[in-house]
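So the chains spell out like this:
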Amino acid sequence: MTAPEETQAAGGSASGNTASHNAQERLVVAIDGPSGSGKSSVAKEAARRLGAAYLDTGAMYRAVTWHCLDAGTDLTDADAVARAVREADLSISTDPGLERIAIHGTDVTTTIREPFVSEAVSAVATNLEARAELVRRQRAIIGEQPRIVAEGRDITTVVAPDAHCRILLTASEEARMRRRGLQLGGATAEALQRQVVERDAKDSTVTNFTTATDGVHTLDSSDLDFEQTVQAVLTLVERAPRA
Ligand SMILES: Nc1ncnc2c1ncn2[C@@H]1O[C@H](COP(=O)(O)OP(=O)(O)OP(=O)(O)O)[C@@H](O)[C@H]1O
Ligand SMILES: Nc1ccn([C@H]2C[C@H](O)[C@@H](COP(=O)(O)O)O2)c(=O)n1
């Protein structure tokens, strides 16, 4: 088993940063939410403006799923999936300006977004041993970074419950389907339903990303545009009490 390595340093502070706190202070921002709520795009942009690293934990679940499929692992065999995940040599960029994820040296950055991975990923994400392994690696990556924005489904609750600022980013099902449709371009209504609603239903059997636990701010982006959502995140970070 190989621990995840940070392949790139965090990006520097970008223009348009509305947050004024001390860039030297340690900062962990945790963002969870359902599919299509805007977690990845909003968290990445917030990280850029905060001069922080960015961790896309969904990409890690996707990459190990690709690995299982590539190795011919039977996704219905829980022990085999857990073993494959434990043995996966995964490296992920935490630079918000560089999207890169590799398994055993193979760059899977683009492949993991393909429908065959999206439709298989829940089988791995609902495997509790696989989750434990990825949570361990995610905590290690977060611990190595002085400033980081991490997003996924269980970051506010399991991976980093002690983060300085924890946000549940939501949006109505209609808004999420519309956004994903625009993003994918040409996807059928059935494919969108599978990739957004059905995947969330499976994933929510092992993680809670629909209701905010104590101390977690709910940010409903249904009626906000992208920039307004980023600004709302930065405001919550700015107002978060610091140790
Ligand atoms: N507030 C917003 N208004 C309009 N579009 C948005 C907003 N936030 C994000 N988007 C767009 O919605 C699409 C989906 O966002 P994104 O991929 O970040 O969602 P996600 O929550 O990470 O989904 P998943 O968990 O399935 O990867 C992207 O094209 C993104 O640019
Ligand atoms: N912390 C996380 C992150 C992601 N997942 C699962 C849920 C999704 O089906 C899959 C891919 O995530 P996405 O790229 O769509 O955000 O990984 C999870 O269970 N926990």
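Residues numbered from 1 in each chain as written. Chains lettered and ligands numbered in written order. Predicted model: local features only at pLDDT ≥ 70, side-chain atom pairs only at ≥ 80, totals over all residues. Heavy atoms only, no water.

For the chain, an unreviewed UniProt entry supplies the name Cytidylate kinase and the organism Zhihengliuella alba. UniProt, in its Subcellular location (unreviewed entry) section for the chain, records the words "Cytoplasm". UniProt lists a comment for the chain under the heading Sequence similarities (unreviewed entry), and it reads "Belongs to the cytidylate kinase family. Type 1 subfamily." (UniProt positions renumbered as here; feature names shortened; annotations may be inferred.)

Some points on the site of ligand 2
Around ligand 2 there are 14 residues in total, and Arg62, Arg131, Asp154, Arg199 and Asp203 lie nearest to it. In the model, an oxygen atom of ligand 2 is placed 2.7 Å from a nitrogen or oxygen of the Arg62 side chain. In this structure, an oxygen atom belonging to ligand 2 sits 2.5 Å away from a side-chain N or O atom of Asp203. Of all the cavities here, the one that holds ligand 2 is the largest pocket. Broken down by secondary-structure element, the contributors of at least two residues to the shell around ligand 2 are helix H2 (57–71), helix H5 (121–125) and helix H9 (189–203). Considering every element that reaches the shell around ligand 2, the biggest residue donor is H2, with 4 residues. (Near = heavy atom within 4 Å. Polar contact = N/O pair within 3.5 Å; in protein donor to acceptor, adjacent residues only side chain to side chain. 1 Å grid on protein atoms, 1.4 Å probe; cavity = no way out; pocket = protein on both sides within 12 Å on 5 of 7 lines; lining within 4 Å. Sits in = over half its atoms within 2 Å of the grid points. Helix = DSSP H or I, 4+ residues; strand = E, 2+ residues; numbered from the N terminus.)

Concerning the site of ligand 1
Neighbouring residues of ligand 1: 18 residues in total, closest Ser35, Lys39, Ser40, Ser41 and Thr229. One of the backbone N or O atoms of Leu224 is found 3.1 Å from a nitrogen atom in ligand 1. The protein chains hide 82% of the 640 Å² of surface that ligand 1 would expose on its own. Among the detected pockets, ligand 1 sits in the largest pocket. Those elements that provide at least two residues to the shell around ligand 1 are helix H1 (39–50), helix H8 (173–184) and helix H10 (226–239). The dominant element in the shell around ligand 1, judged by the number of residues it contributes, is H1, at 4 residues. The residue makeup of the shell around ligand 1, split by class, is 4 nonpolar, 8 polar and 6 charged. (Areas by Shrake-Rupley, 256 points an atom, 1.4 Å probe, with all protein chains shown as cover. Nonpolar A, V, L, I, M, F, W, Y, C, P; charged D, E, K, R; others polar.)

A few points about the sheet that holds strand S8 (residues 165–170)
What the 5 strands build is an open sheet, ordered S3-S7-S2-S8-S9; its pairing is parallel. If you trace the sheet from one side to the other, it starts and ends with strand S3 (53–56) and strand S9 (217–220), each paired once. Shown here is a sheet whose adjacent strand axes are inclined to one another by a mean of 20°, direction ignored. As paired elements, S3 and strand S7 (residues 147–152) share 4 bridges and run parallel to each other. Residue pairing for S7: Ala53 is matched across the bridge by Ile148. Across the sheet, H2 touches S3 and S7, and the angle it forms with S3 is around 45°. (Pairing = 2+ DSSP bridges. Axes fitted to C-alpha atoms, helices over the stretch in contact; angles between N-to-C directions. Contact = heavy atoms within 4.5 Å.)

What to know about H2
Counted at 1.5 Å a residue, the expected span for H2 with its 15 residues is 21 Å, and the 21 Å between its end C-alpha atoms agrees. Among the 15 residues that make up H2, 11 are buried, leaving the element largely enclosed by the rest of the structure. When H2 is considered as a whole, its buried residues turn out to be Thr57, Ala59, Met60, Tyr61, Arg62, Ala63, Val64, Thr65, Trp66, His67 and Cys68. In the stretch just after H2, Gly72 is the one whose phi turns positive, near 75°. (Expected span 1.5 Å × (residues − 1). Buried < 20%, exposed > 50% of the residue type's maximum accessible area, 1.4 Å probe, protein only.)

Remarks on the UniProt feature "binding site: ATP" (unreviewed entry) in the chain
Taking the numbering used here, the UniProt-annotated feature "binding site: ATP" (unreviewed entry) corresponds to Gly33, Pro34, Ser35, Gly36, Ser37, Gly38, Lys39, Ser40 and Ser41. As for the lining of the largest pocket, the annotated residues named previously contribute Ser35, Gly36, Ser37, Gly38, Lys39, Ser40 and Ser41. With respect to the helices and strands, Ser37 occurs in the loop between strand S2 (27–32) and H1. Looking at Ser37, the relative accessible area reads 1%, which means it is buried. Residues contacting Ser37, with those up to four places away along its chain left out, are Leu169, Thr170, Ala171, Arg176, Arg179 and Ser221. In this fold, Gly38 is placed in the loop between S2 and H1.

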